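# Summary of the model geometry
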Amino acid sequence: MIPIKNIYYMLSYAFQVLNEQGYKQILTEKFDNVAELCAAILSKGVSLQIKRGLGKAYLLQTESLAGVKGKIDITASIKEQALIQKKLICSYDEFSVNFYMNRIIRTTMDLLLHSEISKIRKKELRKLLIFFGNVKPIDIKNINWKIQYNQNNQSYQMLISICYLIIKGLLQTNSDGTTKLMDFLDEQRMYKLYEKFILNYYKKEYAQIKTSSSQISWDLDDNESAMLPVMQSDIMLQYKEKTLIIDAKYYTHTMQNHYNIQTIHSNNLYQIYTYVKNFDKEKTGHVLGMLLYAKTDELILPQNSYQISGNKIIVDTLNLDCDFVEIKKQLDTIVKNCFDMI
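The present account deals with the structure reproduced in this document. Computed from a predicted model, the values in this text were never measured in an experiment.

### Some remarks on unusual backbone geometry
Even without being a glycine, lysine 240 presents a positive backbone phi close to 55°. Here lysine 240 lies in the loop between strand S9 (235-239) and strand S10 (242-249).

### Concerning the pattern of salt bridges
Per the counting criterion, the structure on display carries eight salt bridges. Measuring nitrogen to oxygen at the nearest pair gives 3.4 Å for the salt bridge that ties glutamate 124 to arginine 121. Taken together, the residues glutamate 124 and arginine 121, both in helix H5 (residues 119-129) and three residues apart, mark about one turn of the helix. By relative accessible area, which is 7% here, arginine 121 ends up buried. A salt bridge links aspartate 186 to arginine 189; the shortest N-O distance between them is 3.2 Å.

### Description of helix H1 (residues 4-14)
Where burial is concerned, most of H1 is hidden: nine out of the 11 residues are buried. Within the span of H1, buried status applies to Ile4, Asn6, Ile7, Tyr8, Met10, Leu11, Ser12, Tyr13 and Ala14. In this fold, the buried residues of H1 make contact with helix H2 (34-52), helix H6 (157-170), helix H7 (187-205) and helix H9 (324-338).

### Examining the side chain of serine 96
Along the chain, the position of serine 96 falls in strand S3 (residues 88-96). Looking at serine 96, its side chain comes within polar contact range of the main-chain nitrogen of asparagine 98, at 2.9 Å. Once residues within four sequence positions are removed from consideration, serine 96 is found in contact with Gly55, Lys56, Ala57 and Leu59.

### Some thoughts on the environment of leucine 54
Tracing the backbone through its elements, the reader meets leucine 54 in the loop between H2 and strand S1 (57-65). Given the relative accessible area of 17%, leucine 54 is considered buried. Expressed as a C-alpha distance, the spacing of leucine 54 and alanine 39, which sit 15 residues apart in the sequence, is 19 Å.

### Observations concerning H5
Buried residues of H5: Arg121, Lys122, Leu125, Leu128 and Leu129, and no others. Within H5, the buried residues cover an arc of 120° as seen down the axis, which keeps them to one side. In H5, the exposed residues that point more than 90 degrees away from the buried face are Lys119, Ile120, Lys123 and Lys127. Of the surrounding secondary structure, the elements contacted by the buried residues of H5 are H2 and helix H4 (100-113).

### Things to note about the side chain of glutamine 49
If you trace the backbone, glutamine 49 turns up in helix H2. Of the polar contacts made by the side chain of glutamine 49, one reaches the side chain of serine 155; its length is 2.8 Å. Each residue touching glutamine 49, except ones within four places of it in the same chain, is listed here: Leu54, Gly55, Ser155, Tyr156 and Leu159.

### A short note on the pairing of S9
Of all the five residues making up S9, four are buried; the element is thus mostly covered by neighbouring parts of the structure. In this sheet, S9 lies alongside strand S6 (residues 210-212) in antiparallel orientation, the contact comprising three bridges. Following the sheet pairing, lysine 210 is matched in S9 by glutamine 238. One ladder, built from five bridges, connects S9 with S10; its direction is antiparallel. Bridging from a neighbouring strand, tyrosine 239 pairs with lysine 242 of S10. The antiparallel pairing of S9 with S10 creates a hairpin that spans two residues between the two strands, and lysine 240 there sits at a positive phi of about 55°.

Calculation criteria
Residues numbered from 1 in each chain as written. Predicted model: local features only at pLDDT ≥ 70, side-chain atom pairs only at ≥ 80, totals over all residues. Heavy atoms only, no water. Helix = DSSP H or I, 4+ residues; strand = E, 2+ residues; numbered from the N terminus. Salt bridge = Lys/Arg side-chain N within 4 Å of Asp/Glu carboxyl O. Buried < 20%, exposed > 50% of the residue type's maximum accessible area, 1.4 Å probe, protein only. Contact = heavy atoms within 4.5 Å. Polar contact = N/O pair within 3.5 Å; in protein donor to acceptor, adjacent residues only side chain to side chain. Arc of directions from axis to C-beta. Pairing = 2+ DSSP bridges.

Written as structure tokens, this is what we have:
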């Protein structure tokens, strides 16, 4: 079980904005579950956004008016017999707070008010909802999460990500059709957070290491690449002449069982081996691969290293159920051992 405080630390690496002064008070609070933590982050983030000013966008409005505003829709005016009432159907742009990101936040806050979070948190959210009076909620099943961010709306990126975690990672539908918030993030969302945390940890803490999540091209004998799948690494670390490719894995069960024999997941090993061999086109042996599993409560855990066809493949586990200082030490040890850093 990952301590709630460690979830916050992981989120703070995934979203650097959580390291800013306005969020530091959250670390002093005690949370019983992840739902309460996410609600606290959202509450604080929305409060800060309101101080900056809620984002607005030009939205197309169409309504029946006694005067002319914007563009007259003649066809609609005739069809709806607006002229009989001495009105016209007009379409015009309005600069409004009812734009999509605010609607996602409003929807998430409404959801939290009907969940089992603390009364204090609900009181905070109700105060914030006053500023969303002109913002319409969205059906959570129809939310489009593919949002483009730019300089004008960058401050919303973390807020929308927290909304996504709450709705996609914590929301559970009961057999009677009602919904409730779980105490923990589901495996899929934890995997994404786990991967992003490790990537951004190395980006922030090791400026001398080139850290990326890069695609790996196939080591082709000719230029024919049609229908070949994309090889997308989770984390790629490059320092001097060495490269470490890490595949972050977050599973409930880290090992596969075949005839009562515990082995590493076959697909995981084949994948990291393929990444390493295709990246090391010159066969230098300077490219290493690592499967980094989040530690579970299982008795047998993957932890070994193999020398395969000239390249080192490491299988290891990261214990997230400890003080965060210890988690950092584990991550530091990985790069120090792989890159011979003192």
